[in-house]
Amino acid sequence: MKNAMAGISLGIALTAGAPGAQAALAVGTTAPDFTVQAALAGKTFDFSMSRALQKGPVVLYFYPAAFTQGCTVEAHTFAEAIADYKALGATVIGLSADDIDTLKDFSTGPCGSKFAVGADPGGKVIRAYDAGMGAQSERATRISYVISPEGRIIYEYTAMEPDDHVNNTLKAVREWRAGQAGK
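A.B. asks: Help me understand the pairing of strand E8 (residues 143-147) in this model?
C.D. replies: In regular strands, side chains alternate between the two faces of the sheet. Judged by how many residues are buried, E8 sits mostly within the fold: 5 of 5 residues are covered. A two-sided burial pattern is seen for E8, the buried positions comprising Ile 143, Tyr 145 and Ile 147 on one face and Ser 144 and Val 146 on the other. Taken together, the 5 bridges between E8 and strand E9 (residues 153-158) define a ladder with antiparallel strand orientation. When the bridges of E9 are listed, Ile 143 appears paired with Thr 158. Two successive antiparallel strands, E8 and E9, enclose a turn made up of 5 residues, where Gly 151 displays a positive phi of approximately 85°.

A.B. asks: Got a minute to help me understand the confidence of the model for the chain in this structure?
C.D. replies: Should the pLDDT be low somewhere, the predicted coordinates at that spot are not to be read in detail. Per-residue pLDDT for the chain averages 88, and the proportion of residues at 70 or more is 87%. A low-confidence stretch, residues 1-22 stays under pLDDT 50, and its non-local contacts, those more than four residues away or across chains, total 16 contacts.

A.B. asks: Even after reading the chapter, I still don't get the pattern of salt bridges, so can you show me in this structure?
C.D. replies: Two side chains carrying opposite charge are able to pair once their charged atoms lie near each other. Counting across every chain of the model gives 3 salt bridges. Across the pair Asp 101 and Lys 104 runs a salt bridge, and its minimum N-O distance is 4.0 Å. Taken together, the residues Asp 101 and Lys 104, both in helix H4 (residues 100-108) and 3 residues apart, mark about one turn of the helix. Note on Lys 104: relative accessible area 29%, which makes it partly exposed.

A.B. asks: Help me understand the nonpolar core in this model?
C.D. replies: Side chains of nonpolar character tend, in soluble globular proteins, to be buried together. The biggest cluster of nonpolar side chains holds 27 residues, and the ones touching the most others in it are Tyr 63, Phe 78, Tyr 85, Val 92, Leu 103, Phe 106 and Phe 115. For this core, the elements supplying multiple residues, two or more each, are strand E3 (58-62), helix H3 (69-87), H4, strand E5 (116-119) and helix H6 (165-181). With 7 residues, H3 is the single largest residue contributor to this core. Excluding residues that lie within four positions of it along the chain, Tyr 85 makes contacts with Val 59, Phe 78, Ala 90, Val 92, His 165, Val 166, Thr 169 and Leu 170. Ranked by size, the runner-up nonpolar core spans 24 residues in total, among them Leu 53, Val 58, Val 125 and Ala 131.

A.B. asks: Just to check I follow, could you spell out the sheet that holds E3 for this structure?
C.D. replies: Strand order in this open sheet of 7 strands is E2-E1-E5-E4-E3-E8-E9, and the pairing throughout is mixed. If you trace the sheet from one side to the other, it starts and ends with strand E2 (43-48) and E9, each paired once. Here the strands of the sheet are splayed against their neighbours by 25° on average, with no regard to which way each runs. Pairing of strand E4 (residues 91-96) with E5, which is carried by 4 bridges, proceeds in the parallel orientation. Bridging across to E5, Ser 96 finds its partner in Ala 119.

A.B. asks: Honestly, the packing of aromatic side chains in this entry has me stumped. Any pointers?
C.D. replies: Describing an aromatic ring pair means giving the distance of the ring centres and the angle of the ring planes. Using the criterion set out here, one finds 12 aromatic pairs in the structure. A centroid spacing of 5.9 Å and a plane angle of 25° characterise the contact between Phe 78 and Tyr 85, whose relative ring orientation is stacked. Of the two residues, Phe 78 and Tyr 85, both sit in the buried class. On the numbers, 5.4 Å between centres and 55° between planes, the contact of Tyr 129 with Tyr 145 is tilted. Here the residue Tyr 129 occupies a position in the loop between helix H5 (124-128) and strand E6 (132-133), and Tyr 145 occupies one in strand E8, the gap between them amounting to 16 residues. Residues Tyr 129 and Tyr 145 agree in their burial class; the two are buried. Through a chain of ring-to-ring contacts, three or more aromatic side chains come together here, namely Tyr 61, Tyr 63, Phe 67, Phe 78, Tyr 85, Phe 106 and Phe 115.

The rules we used
Residues numbered from 1 in each chain as written. Predicted model: local features only at pLDDT ≥ 70, side-chain atom pairs only at ≥ 80, totals over all residues. Heavy atoms only, no water. Buried < 20%, exposed > 50% of the residue type's maximum accessible area, 1.4 Å probe, protein only. Helix = DSSP H or I, 4+ residues; strand = E, 2+ residues; numbered from the N terminus. Pairing = 2+ DSSP bridges. pLDDT = per-residue confidence, 0-100. Contact = heavy atoms within 4.5 Å. Salt bridge = Lys/Arg side-chain N within 4 Å of Asp/Glu carboxyl O. Core = buried A, V, L, I, M, F, W, Y, C linked by side-chain atoms within 4.5 Å. Axes fitted to C-alpha atoms, helices over the stretch in contact; angles between N-to-C directions. Phe/Tyr/Trp six-rings, centres within 6.5 Å; stacked < 30°, edge-to-face > 60°.

Printed below as a string of structure tokens:
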């Protein structure tokens, strides 16, 4: 019985986004390059990480599924802050295992046609970034990365609650930008 309760507690901790529940890529790691089909304002295009990094830092956030409650809140929050990211020279892209047709609608709805969302239905990019949801490694958990133009991960945040992803990644981009000003 004690082991069964421990398993239940662990399961609750994992779904609650407890620290250490997700193995993320470490700060300083080279971010895997990728190209995915993406949607912005209902239109599809090929999003290339390497091309985006040529313009400045990239905020890459993974989320479980379009149009679910938490993912809708998170997308809307990113959309509201997009001017702040752009002012810092940062590109924002959300990525999930959803198909591109779903993401075309998501990009115009919760994303407000303000940033791209990428389709990774096979979970290849999700796995490359250690962003898989436990045993369902092709489905993303909620994790955000900030990647420098040099292709290095400079910040990582994992939490199933969508509340702090925007504030934390904006802070990381601001700190990176401030560090660049001193160079």
